[in-house]
Amino acid sequence: MLTEAQKLLKQYYGYTSFRPGQEHIIRSLLEGRDTLGIMPTGGGKSICYQIPALLMKGLTLVVSPLISLMKDQVDALGTLGIPAASINSTLTGSEVGRVLREAESGRLRLLYVAPERLESDWFRERVRELNIPFVAVDEAHCVSQWGHDFRPSYTAISPFLRSLPKRPLVAAFTATATPEVKRDIADLLELEQPEIVITGFARDNLALHILRGENKRDYITRYVQAHSHQPGIVYAATRREVEEVYEMLRKKGVAAGKYHAGMADAERAAAQEAFLYDDVRVMVATNAFGMGIDKSNVRYVIHHNMPKNMEAYYQEAGRAGRDGEPGECILLFGAQDILTQKFFIEQSNLSPERKSNEYKKLQAMVDFCYTPKCLRSAILQYFGDTQEDEPCGMCSSCKDDRETVDITVEAQKIFSCIKRMRERFGISMVASVLKGSGAKKVLEYRFNELPTYGIMRNFTEKDISDLINVLVAEGYLGLSEGQYPTLKLQEGALEVLQGRVTVYQKIARKPAAAAAGDD
Ligand code: ADP
Ligand code: ZN
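Residues numbered from 1 in each chain as written. Chains lettered and ligands numbered in written order. Predicted model: local features only at pLDDT ≥ 70, side-chain atom pairs only at ≥ 80, totals over all residues. Heavy atoms only, no water.

Some words on the overall build of the chain
Argument step 1. Looking only at helices and strands, the chain features 21 helices and 17 strands.
Argument step 2. Against the 2.2 N^0.38 benchmark of 24 Å for 519 residues, the chain shows a C-alpha radius of gyration of 26 Å, consistent with a compact globule.
Argument step 3. Along the first, second and third principal axes, the C-alpha atoms of the chain reach 85 × 50 × 45 Å.
Argument step 4. For the chain, buried positions account for 51% of its 519 residues.
Argument step 5. Contacts spanning at least 24 positions in sequence make up 73% of the contacts within the chain whose residues lie at least 6 apart.
Argument step 6. Approximately 24,600 Å² of the chain is accessible, and the part contributed by carbon and sulfur atoms is 49%. (Helix = DSSP H or I, 4+ residues; strand = E, 2+ residues; numbered from the N terminus. Rg over C-alpha atoms; globule rule 2.2 N^0.38 Å. Buried < 20%, exposed > 50% of the residue type's maximum accessible area, 1.4 Å probe, protein only. Contact = heavy atoms within 4.5 Å. Areas by Shrake-Rupley, 256 points an atom, 1.4 Å probe, with all protein chains shown as cover.)

Right, dumping it as structure tokens:
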């Protein structure tokens, strides 16, 4: 069967080989197993259901939430010589009738439908007459309240599947890999012992960088000016910051554009056009920018602020280098970014349960900003894509040639201070105590009487906080959920306190020492 699939890949698409995950997904489907494919946008999911569709007798139904994507797919299949059509809200009643008659004639191989259709009794009746061996569900996370894009009409999918005379084989696809979403997709779409394949998250041409403690505005100005001939995107967290960075670049003579939800539709459309056609080189934008635009030669993406979670980060960073040529992704992290994101979560009208979920995802993002591990490996691990796990050799962690020092003693001081404070306080309070601060709150709790008070006097409070963040990212410390998270010792911290484990950290070379040698 797989050789048949290979033949079709060559014959219709002109590709010589499958990507590793595609082969896995197709094999699983051809063996008749329900399959959940988790792959990022651009990972090559279409082929994963189109080729099985060509190998099955009957009509394949593809549930897709976006009319524009449906249209693109149907057009693309048309040029490949594969008969396909779509049914969505833009069609008139008679057009729908025509498409259904075409389906009944057996000529169509794939039919794309919007999920709302599946709720219609009339549609269900008509479709019962068709032979549908296979249903593919795109953007399957839309079925989950935990996903970022819940669509009530997706809950109509499983009753629809049950309403068919014979239950079809089901494939579901999403780019969201959190455990809650995975579980919901399998449960709510009633997948039968699905094969779960996570693949395609590696982007070998992207160099990921995280920079902490930079002057963000200066950095962006210098970078953008040095890359003035390349298209790039600068993402900022708020409209105000977009405006400010945009103005700043304009004043420096940079051909910058701006994009955020506060602008008029026409203004936004014009900005997008200007960027697509290279009239502006760099787009300063909120996360509203980028959905559905496909500019493949973006050479860099700079995050002026840390995004709310890893999914958002990787989706935005991933807009660099879509053409396969090198791309740079730079995240400028500042501690203030954490407060901004917490503020957004608090302001949202999410349920307490969802809020706590968002806090958890935010913490994973913060951990990523402090991890000394290879950033590409860290991402693949986060998404559960373990096909490839060599250090990338090009991210800011891999390129980090700073000295590795033993910080076991400092870690022990931090851990024992947290223990003496009964694991009831957050990072800044612990840092204040270790520093020996005379702050009112420290004295109120009489932490100045603790033996750990002031035992890291020779560090700044910021350095202590950074160190604690590294220890959190490394898993020695946990942070409770919520707006004011408190530090908790983890298994690893106890081993460090017992002297059984050594802790290392990379540190910058002393400026004085560096001054003697290089410039
Ligand atoms: P997705 O639907 O996951 O966003 P697509 O199915 O549109 O992604 O595929 C993304 C791009 O990768 C397309 O240009 C597609 O032609 C290309 N592609 C997919 N599979 C292969 C393959 N096996 N070899 C080469 N290119 C591929
Ligand atoms: Zn790396």
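A word on the sheet that holds strand β2 (residues 60–63)
Argument step 1. Pairing in this open sheet of 7 strands is parallel, and the strands run β3-β4-β2-β5-β6-β1-β7 from one edge to the other. Each edge of the open sheet is held by one strand with a lone partner, namely β3 (84–87) and β7 (195–198). Across the sheet, the mean angle from the axis of one strand to that of its neighbour is 15°, orientation sign disregarded.
Argument step 2. Where β2 lies against strand β4 (residues 110–113), 4 bridges are found, and the strand directions are parallel. Its bridge partner lying in β4, Val63 is registered against Val113. (Pairing = 2+ DSSP bridges. Axes fitted to C-alpha atoms, helices over the stretch in contact; angles between N-to-C directions.)

Some points on the coordination of the zinc ion (ligand 2)
Argument step 1. Within the protein, the atoms that donate to the zinc ion (ligand 2) are Cys374 (SG), Cys392 (SG), Cys395 (SG) and Cys398 (SG), at distances of 2.3 to 2.4 Å.
Argument step 2. Each of the 4 donor atoms around the zinc ion (ligand 2) contributes to a set of angles spanning 104 to 120°, which defines the coordination as tetrahedral.
Argument step 3. Site description for the zinc ion (ligand 2): donor spacing in sequence, C-x17-C-x2-C-x2-C. With a gap of 18 residues between them, Cys374 in the loop between α14 (352–370) and α15 (375–383) and Cys392 in the loop between α15 and β14 (403–406) connect regions that are remote in the sequence. (Donors = N, O, S within 2.8 Å, 3.2 Å for Na, K, Ca; no water. Tetrahedral: all angles 85-135°; square planar, octahedral: opposite > 155°, others 65-115°.)

Examining the sheet that holds strand β8 (residues 206–212)
Argument step 1. Across the sheet, 6 strands lie side by side as β8-β13-β12-β9-β11-β10; this open sheet has parallel pairing. Two strands lie at the open edges of the sheet, namely β8 and β10 (256–259), each paired on one side alone. Put simply, the sheet's adjacent strands are angled 15° from each other on average, direction ignored.
Argument step 2. Against the sheet, helix α12 (residues 310–317) touches β8, β9 (232–235), β12 (300–303) and β13 (327–333), its axis set at about 145° to β12.

Quick word on helix α10 (residues 239–251)
Argument step 1. Taking 1.5 Å of rise per residue, the 13 residues of α10 would be expected to cover 18 Å, and the 18 Å separating its terminal C-alpha atoms lies within 8% of that figure.
Argument step 2. Three or more residues of α10 are buried, namely Glu241, Val242, Val245, Tyr246, Met248 and Leu249. Down the axis of α10, the buried side of the element spans an arc of 160°, and every buried residue falls inside it. Exposed residues lying more than 90 degrees from the buried face of α10 are Arg240 and Lys251.
Argument step 3. On its buried side, α10 packs onto α9 (216–226), β9, β10 and β11 (282–285).
Argument step 4. Positioned one or two residues after α10, Gly253 has a phi angle of 85°, which is positive. (Expected span 1.5 Å × (residues − 1). Arc of directions from axis to C-beta.)

Things to note about the pattern of salt bridges
Argument step 1. Tallied over the entire structure, the rule returns 24 salt bridges.
Argument step 2. When the shortest N-O distance is used, the salt bridge between Asp149 and Arg151 registers 3.8 Å.
Argument step 3. Ionic pairing is found between Arg162 and Glu190, a salt bridge with its closest N-O pair at 2.7 Å. Here Arg162, found in helix α7 (residues 157–163), pairs with Glu190, found in the loop between α8 (179–188) and β7; they are 28 residues apart in sequence, far enough to count as distant. (Salt bridge = Lys/Arg side-chain N within 4 Å of Asp/Glu carboxyl O.)

Re the confidence of the model for the chain
Argument step 1. With 97% of its residues at a pLDDT of at least 70, the chain reaches an overall mean of 91.
Argument step 2. Confidence drops under pLDDT 50 across residues 509–519; counting only partners more than four residues distant or on other chains, this segment forms 2 contacts.
Argument step 3. Among the scores for the predicted complex, ipTM is 0.97 and pTM is 0.80. (pLDDT = per-residue confidence, 0-100.)

With respect to the pairing of β4
Successive side chains on a regular strand alternate, one facing one side of the sheet and the next facing the other.
Argument step 1. A two-sided burial pattern is seen for β4, the buried positions comprising Leu110 and Tyr112 on one face and Leu111 and Val113 on the other.
Argument step 2. One ladder, built from 4 bridges, connects β3 with β4; its direction is parallel. Each residue of the ladder has a partner; that of Ala84, found in β4, is Leu110.
Argument step 3. Read as a crossover between parallel neighbours, the route from β3 over helix α5 (residues 93–104) to β4 is right-handed. (Right-handed = clockwise from strand over helix to strand, strands pointing away.)

Details of the nonpolar core
Argument step 1. Val137 and Tyr313 are the most contacted members of the largest nonpolar core, which has 85 residues in total.
Argument step 2. A total of 7 residues in this core trace back to one element, the largest contributor, which is α14.
Argument step 3. Among residues more than four places away in sequence, those in contact with Tyr313 are Leu208, His303, Pro307, Cys329, Leu331, Met365, Phe368 and Ile379.
Argument step 4. Ala411, Phe447, Leu477 and Ala493 belong to the second-largest nonpolar core, a separate cluster that totals 33 residues. (Core = buried A, V, L, I, M, F, W, Y, C linked by side-chain atoms within 4.5 Å.)

Considerations on the site of ligand 1
Argument step 1. Neighbouring ligand 1 are 13 residues; Tyr15, Gln22, Gly42, Lys45 and Ser46 lie closest to it.
Argument step 2. In the environment of ligand 1, an oxygen atom lies 3.1 Å from a nitrogen or oxygen atom belonging to the backbone of Gly44.
Argument step 3. When isolated, ligand 1 has an accessible area of 570 Å², and the protein chains bury 69% of it.
Argument step 4. When residues in the shell around ligand 1 are grouped by element, the largest group, 3 residues, is from helix α3 (residues 45–55).
Argument step 5. Residues of the shell around ligand 1, tallied by class, amount to 4 nonpolar, 7 polar and 2 charged. (Near = heavy atom within 4 Å. Polar contact = N/O pair within 3.5 Å; in protein donor to acceptor, adjacent residues only side chain to side chain. Nonpolar A, V, L, I, M, F, W, Y, C, P; charged D, E, K, R; others polar.)

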